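Read off the chains here:
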Amino acid sequence: MASTSKDVPIVTIEENPPDDLEPGACYDSILNPTDSFEEFASEMSSSLQERNISLAAINSTISEIQSEIGENSAQIKTTKSSDDLQNKDESISASTSNSNLIEQNGDDTDNEKDDYLQTPELVNKEKHVFILSSAGKPIYSRYGNEDKLAGLCGVIQALVSVVEEQNQDILRSITTKDCKAVFLVKGPLILVAVSKSNESETQLVLQLTYAFNQIVSVLTLTQLNRIFEQRRNYDLRRLLSGAERLIDHLLIFMEKDPAFLLGAVRCLPLPEKARENITSAIQSTCNKIRDLVFAIMLAGNQLITLVRMKKYTLHPSDIHLLFNLVRSSESFKTAESWTPICLPKFDSTGFLHGHVSYISEDCQACLLLLTVQRDAFFPLSQAKHTIAEKLRRSNCLVAINDALNRNEELPTTNPLKHIGIPEIRHFMYKCKSTAQLFTSDPISLDKLQDYRMRHKVGGDIMVKKIEKLSDIDYVRNYRRFCSSIHCTSTPAKLIFRSNSSDTILAWVTNGFELYVTFDPLMEKDQAIKAVDRLLKWIKKEEQRIFIMHAPTF
Amino acid sequence: MSSRKKVLLKVIILGDSGVGKTSLMNQFVNKKFSNQYKATIGADFLTKEVIVDDRIVTMQIWDTAGQERFQSLGVAFYRGADCCVLVFDVTAPNTFKSLESWRDEFLIQASPRDPDNFPFVILGNKVDLDNRAVSAKRAQQWCQSKNDIPYFETSAKEAVNVELAFQTIARNALAQETEAELYNEFPDQIKLNANDNGRNRDGDNCAC
């Protein structure tokens, strides 16, 4: 969605006098504050026809905006729920091959493929993700060898098609006692998540959409559609080879980072002055470079600054894809790279060209300079060196390293200690208007490092009780509250829940979303007071925690 | 790492009910045969790896139901097929006569890009039985009249020609696949200042 800053709804801000701004809010945002949940919920409630229309119209930004308006108004319409479907036509189960497949399992115990579904690499995983073409050809599987899953892909394609063609409807999910299968048909691809976790259907659809966007980011939507228009039997793995790694990492990333859950971006907490210096170093170096659209500096999946061409903002989900790209590409560390990148929300039809490099050997901040010129490597490389030099001279590299190494002296390194409310175990705060996120225990770099180790192994359902909860575990607990708050039919504003292990408060207002975990015996009024102090602290530190300006070239 | 170039072929098996589609597939994939008849409901999916000219090819075989009442999936099943195998029973002339309509049906539903050269293979099954009613000559003539479709006489029961037939299927489908190598053009530059994409309606053209 290549929205202009004109599109950015700053209505919420204008309504309030400046002093009442919620922590982290500012007049101009670098990010599109789109509520990703509403977006996916509307994806889920659109009917087959609407889906086809919106896909057909995706090419131009104008019609995209139009179709968006259409989608929003269509939210009231409900398509047949999956329950209806099950009752409606028993031929679904009869005419797809599921039953046959099972029968066959019994008959041929030495059948290689049937055995394969029972192998340790597939059984007992918390979540599977399968991607296939609408012809039923496998493209990606989170675990195992997708070639050997060709039979399963045939079954998935049959299930999806039977609902689509015989019932003129969309198969959204199948729920069994301990397992959810969620389906997303997007363009020429079918994406399926099979999950035993506590994630809601919407949350799983969101993850599948991200996986789809990751593929678009590699190919562009135009090319993806064109390929399958020309050859419906195309084996997309040929074009994606090497990109599976990006999908692997993205899926692991999404399990761990609440940024996806909330559709927000984490910022690296920095002293106000340091961030200003970094931004102006980039601005002063780049403002003469034509056609540079975005200059983005990031470190450890956190945004340091973003300078943009006037009129253009970025959607958090595009930034997440950039984080993922940097995170999963070891090669950026050793050399300056020049790479085509499609940012699906910005413009799914074409590539931006990115100069990607780490600032210096002694600082793990990565700079991306994104342009529409395909031969701008040398001027951008020159710009990067100038920027790096300026940052070194103004001691900004030290400031970045302090933040990355979580220097104990920074108040933002250990916020809970600094706030001084011992009953708070963990919190997560999203400023809605700027789509930025802060949590009390940001995932440290070390923990991110093991993303890479896990790759395609791991992911098994954990039986062992975890002794010390980390950010990731708290976030897992918030999922349920998050989906009650984002529920489209009866959204909750405030949830207070107490049990023997902890007390959780989830609160959403026009300006922010807040999730707090307290000790189990926390009283309600006590909790409210604590939250009050917490918000005051965030307000006080907002200049460090968040990016409060929206600089342009 | 990227040189592994896997190939996966979608193969559809069509033909009247009872001609032995499932048996052929079972013989090919599992090396097994059963005299018991069990109607296929909807479709069965099996995969098998074969080696064609030193390339490892995964065949994703879609064994469809011959009975009309299970024929509802048409388009969805045929979509994106790499090869279509038409099977008839050499002891049952009506199953041979149906080949024409099976082939037409497939071409209409699947609407491949180049229908004249779409790889079909015809299998005359049950040649182990004594009561043969369709001669090899008659079958071959029909195949020739349809742009030289390869014809094999098979017995799923005695594993006659099954391996060979599927090898040919894989090879012919593969030949199609390698014919057209497209998508090397570098796609789609974003045009920031193009007036037709509506993004710059604000009229501010300054890119700096």
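Residues numbered from 1 in each chain as written. Chains lettered and ligands numbered in written order. Predicted model: local features only at pLDDT ≥ 70, side-chain atom pairs only at ≥ 80, totals over all residues. Heavy atoms only, no water.

**As for the packing of aromatic side chains**
Then, in step 1: For the coordinates displayed, the defined rule picks out 24 aromatic pairs over all chains.
Then, in step 2: A centroid spacing of 6.3 Å and a plane angle of 70° characterise the contact between B:F96 and B:W142, whose relative ring orientation is edge-to-face. A residue pair is termed long-range when its members are at least 10 positions apart, and B:F96 in helix α3 (residues 93-97) and B:W142 in helix α5 (residues 136-145) qualify at 46 residues. Comparing B:F96 with B:W142 shows no difference in burial state: the two are buried.
Then, in step 3: Members of the aromatic cluster, joined through ring pairs, are A:Y429, A:W507, A:F512 and A:F546.
Then, in step 4: Stacked on the ring of A:F481, the Lys or Arg A:R480 has its end atom at 5.2 Å from the ring centre.
Then, in step 5: One cation-aromatic arrangement involves B:K10 over B:W62; the distance from NZ or CZ to the ring centre is 3.9 Å. (Phe/Tyr/Trp six-rings, centres within 6.5 Å; stacked < 30°, edge-to-face > 60°. Helix = DSSP H or I, 4+ residues; strand = E, 2+ residues; numbered from the N terminus. Buried < 20%, exposed > 50% of the residue type's maximum accessible area, 1.4 Å probe, protein only. Lys NZ or Arg CZ within 6 Å of the ring centre and 35° of its normal.)

**Brief notes about the UniProt feature "domain: FUZ/MON1/HPS1 first Longin" (unreviewed entry) in chain A**
Then, in step 1: UniProt feature "domain: FUZ/MON1/HPS1 first Longin" (unreviewed entry): in the numbering of this structure it lies at residues 127-250 of chain A.
Then, in step 2: Its end C-alpha atoms 14 Å apart, residues 127-250 of chain A is made of 47% helix and 24% strand. (UniProt positions renumbered as here; feature names shortened; annotations may be inferred.)

**Side note on unusual backbone geometry**
Then, in step 1: Despite not being glycine, A:K311 shows a phi value in the positive range, around 85°.
Then, in step 2: Along the chain, the position of A:K311 falls in the loop between β8 (302-308) and α16 (316-327).
Then, in step 3: Residues other than glycine seldom take positive phi values, yet B:D54 does so here, at roughly 70°.
Then, in step 4: Residue B:D54 is classed as exposed on the basis of its relative accessible area of 77%.

**Thoughts on the nonpolar core**
Then, in step 1: Residues A:I131, A:L189, A:L224, A:L236 and A:I296 are the most contacted members of the largest nonpolar core, which totals 69 residues.
Then, in step 2: For this core, the element with the most residues is helix α10 (residues 201-219) of chain A, which contributes 10 residues.
Then, in step 3: Judged by nonpolar contacts, the second largest core, of 47 residues, contains A:Y116, A:V185, B:F77 and B:L99. (Core = buried A, V, L, I, M, F, W, Y, C linked by side-chain atoms within 4.5 Å.)

**A few points about the pairing of strand β2 (residues 138-141) of chain A**
Residue and element names in this part refer to chain A.
Then, in step 1: Taken together, the three bridges between strand β1 (residues 127-133) and β2 define a ladder with antiparallel strand orientation. For L132, the partnering residue across the bridge sits in β2 and is P138.
Then, in step 2: Here β1 folds back onto β2 in antiparallel fashion, the turn holding four residues, of which G136 has a positive phi close to 90°. (Pairing = 2+ DSSP bridges.)

**Thoughts on the confidence of the model for chain B**
Residue and element names in this part refer to chain B.
Then, in step 1: Per-residue confidence for chain B gives a mean pLDDT of 81; residues scoring 70 or more make up 77%.
Then, in step 2: Low pLDDT (under 50) marks residues 194-208, which in the prediction has 28 contacts with non-local residues, meaning those over four places away or in another chain.
Then, in step 3: For this predicted complex, the interface confidence reaches an ipTM of 0.79, while the overall pTM sits at 0.81. (pLDDT = per-residue confidence, 0-100. Contact = heavy atoms within 4.5 Å.)

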